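Okay, here's what each chain looks like letter by letter:
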Amino acid sequence: MENINSAVETLMQGANTLFILIGAILVLAMHAGFAFLEVGTVRKKNQVNALVKIMTDFGFSTLAYFFIGYWIAYDITFFSSASTLAEANGYALVKFFFLLTFAAAIPAIVSGGVAERARFYPMLVASALIVGLVYPVFEGMSWNGNYGFQDWIEGTFGAPFHDFAGSVVVHGVGGWIALAAVLILGARMGRYRSGKVVAFAPSNIPFLALGSWILTVGWFGFNVMSAQTIDGISGLVAVNSLMAMVGGIITSMLMGKNDPGFIHNGPLAGLVAVCAGSDIMHPIGALITGGIAGALFVYMFTLAQNKWPRLDDVLGVWPLHGLCGAWGGIAAGIFGLEALGGLGGVTLAAQVAGTVVGIVIATAGGFIVYGLVNKVAGIRLEEEEEFNGADLSIHKIGATSDD
């Protein structure tokens, strides 16, 4: 009997390791989605830069999170022997890999907002600081109960702050950090003339669509595998993600008047919003959550681009991740209630409070990090470099040959 129990335990450990490894791979693939979404949106002279930023940001993010960020968030380090780290089929290592792919999404989100006018190395340094020092603070507070945050939320508002897969922890934080970076950088050259916006058309709609599809597919690993063990997997999370995605598609199509940019960001808005409550909402609640998120993105992106000159957010990452992420945190406290078909265990007050705390930490951290790096090294390209494009100015090569 003891041998049977030991074999079953080993099998479960292996299954859990494989389960979360598949999730890590799917979320890692989403970074290609971030890259192609940006490549398709920016002008042709900035396509190489978009690809290189996502790749190198991931490298710097990995080092920052491995040595510092994961330690801050979970009080876990990897300064142990390989034999210790390999225990339980190396589950602890693969869990780090999975959570790293979440952390590295922060610079990928920021990248889309600051596209076409940011310097290369100063922004890499800023990305490492964000992933190593800013993001893990709220991650640890929400997902590890650091600093007594969850105890305070539960004691004050009747339930802990619930964010199953990171509407606020990942997307909201990334979007509000990006807002700070965008405001510090200022608008691109030629974007506003005589107080009127000048539209820069996307360079490649097929690449933009490819990025959206990669993100959409990978998102089911992002959400479903947030259970982190195979016994916690839930089809409810998968179908809620699907319904929120569809809600975002439909409303972005209607409000965006068939614009392909809006239509391909609509499902992403829905998926951002459903992350927090995907494990507790009814599918109809998820559909409504995603539909509102799609409408919110279209409305706020249009408003920001046309009415707020300093807020030149190229991919609309603040409305997509920042605002839709905040909406998702709040929506979990609405559609997660048993009275509205959810599984319960949440309160609207707790969700609002946790969301506001996340916004404050992200925005303050973004202004501190990007403001400091800007003061020390400068984060904006020179006018001539920006005019020539980041591809030639930074990487000395264009996306395609002129031959």
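Source: prediction; values computed, not measured.

Asks: Summarise the packing of aromatic side chains; cite the residues concerned and give the values.
Replies: Counted by the stated rule, this structure contains 24 aromatic pairs. Pairing Phe 67 with Phe 79 gives two aromatic rings, centres 6.2 Å apart and planes at 35°, and the pair type is tilted. Highlighted residues: Phe 67 in helix α2 (residues 47–74) and Phe 79 in the loop between α2 and α3 (82–85), separated in sequence by twelve residues. You can call Phe 67 partly exposed: its relative accessible area is 39%. Ring geometry for Tyr 70 versus Tyr 74: centroids 5.1 Å apart, planes at 50°, classification tilted. Remark: Tyr 74 and Tyr 70 occur in helix α2; sequence separation between them is four residues, near one turn of the helix. With respect to class, Tyr 70 is no different from Tyr 74; both count as buried. Taken together, the ring pairs in this structure connect Tyr 65, Phe 66, Phe 67, Tyr 70, Tyr 74, Phe 78, Phe 79 and Phe 96 into an aromatic cluster.

Asks: An account of the nonpolar core is requested, with residue identities and associated values reported.
Replies: Membership of the largest hydrophobic core comes to 99 residues, with the highest contact counts inside it found for Tyr 65, Tyr 135, Ile 177, Trp 219, Phe 222 and Tyr 370. When residues in this core are grouped by element, the largest group, eleven residues, is from helix α8 (residues 167–185). Other than its neighbours up to four places away in sequence, Tyr 135 contacts Tyr 65, Phe 102, Ala 103, Ile 106, Ile 130, Trp 143, Val 169, Val 170 and Val 173.

Asks: Residue-level account of the pattern of salt bridges, with values.
Replies: A complete count under the given rule lists six salt bridges for this structure. The shortest N-O distance in the salt bridge between Lys 53 and Glu 38 comes to 2.9 Å. One end of the pair, Lys 53, is in helix α2; the other, Glu 38, is in helix α1 (residues 2–41), with 15 residues separating them in the sequence. The two residues Lys 53 and Glu 38 agree in class, both being buried. Where Arg 188 meets Asp 312, a salt bridge forms, and the shortest distance between an N and an O atom there is 2.8 Å. Taken as a pair, Arg 188 in the loop between α8 and β1 (192–193) and Asp 312 in the loop between α12 (283–307) and α13 (317–335) lie far apart in primary sequence, 124 residues in all. Since its relative accessible area comes to 0%, Asp 312 is described here as buried. Taken together, the shared-partner salt bridges in this structure form one network comprising Arg 43, Glu 116, Arg 188, Arg 191 and Asp 312.

Asks: Account for the packing of helix α10 (residues 235–255) against α12, with residues named and values stated.
Replies: Here α10 crosses α12 at 35°, and the two axes come no closer than 6 Å. α10 and α12 meet at a crossing whose hand is right-handed. Between α10, through Leu 236, Val 239, Asn 240, Met 243, Ala 244, Gly 247, Gly 248, Thr 251, Ser 252 and Met 255, and α12, the contact on the second element is made entirely by Pro 283, Ala 286, Leu 287, Gly 290, Gly 291, Gly 294, Ala 295, Val 298 and Tyr 299. Across the contact of α10 with α12, the residue classes break down as eleven nonpolar, eight polar and no charged.

Asks: Please set out a nonpolar patch on the surface residue by residue, giving values where relevant.
Replies: A surface patch of nonpolar side chains, amounting to about 460 Å² of accessible area, comprises Leu 242, Val 246, Ile 250, Met 253, Leu 254 and Leu 287. Take the nonpolar patch: its biggest share by element is five residues, from α10. When you line up the elements, Leu 254 lands in helix α10.

Asks: Before we move on, could you go through the packing of α8 against helix α14 (residues 348–376) and cite the residues and values that matter?
Replies: Helix-helix packing is characterised by the crossing angle of the two axes and by the distance between the axes. Following both chains from N to C, one finds α8 and α14 inclined at 40°, their axes separated by 8 Å at the closest point. Taken together, α8 and α14 sit at an angle that is classed as oblique. You can see that α8 and α14 cross each other, and the crossing is right-handed. Contacts from Val 168, Val 173, Trp 176, Ile 177, Ala 180, Ala 181, Leu 183 and Ile 184 in α8 reach Thr 355, Gly 358, Ile 359, Ala 362, Thr 363, Gly 366, Phe 367, Tyr 370, Gly 371 and Asn 374 in α14. Of the residues in the contact of α8 with α14, the class split is twelve nonpolar, six polar and no charged.

Calculation notes
Residues numbered from 1 in each chain as written. Predicted model: local features only at pLDDT ≥ 70, side-chain atom pairs only at ≥ 80, totals over all residues. Heavy atoms only, no water. Phe/Tyr/Trp six-rings, centres within 6.5 Å; stacked < 30°, edge-to-face > 60°. Helix = DSSP H or I, 4+ residues; strand = E, 2+ residues; numbered from the N terminus. Buried < 20%, exposed > 50% of the residue type's maximum accessible area, 1.4 Å probe, protein only. Core = buried A, V, L, I, M, F, W, Y, C linked by side-chain atoms within 4.5 Å. Contact = heavy atoms within 4.5 Å. Salt bridge = Lys/Arg side-chain N within 4 Å of Asp/Glu carboxyl O. Axes fitted to C-alpha atoms, helices over the stretch in contact; angles between N-to-C directions. Left-handed = near helix turned anticlockwise from the far one by under 90°. Nonpolar A, V, L, I, M, F, W, Y, C, P; charged D, E, K, R; others polar. Patch = residues over 30% accessible without salt bridge, like charges linked within 9 Å, V, L, I, M, F, W, Y side chains within 5 Å. Areas by Shrake-Rupley, 256 points an atom, 1.4 Å probe, with all protein chains shown as cover. Parallel < 35°, antiparallel > 145°, perpendicular 65-115°, else oblique.

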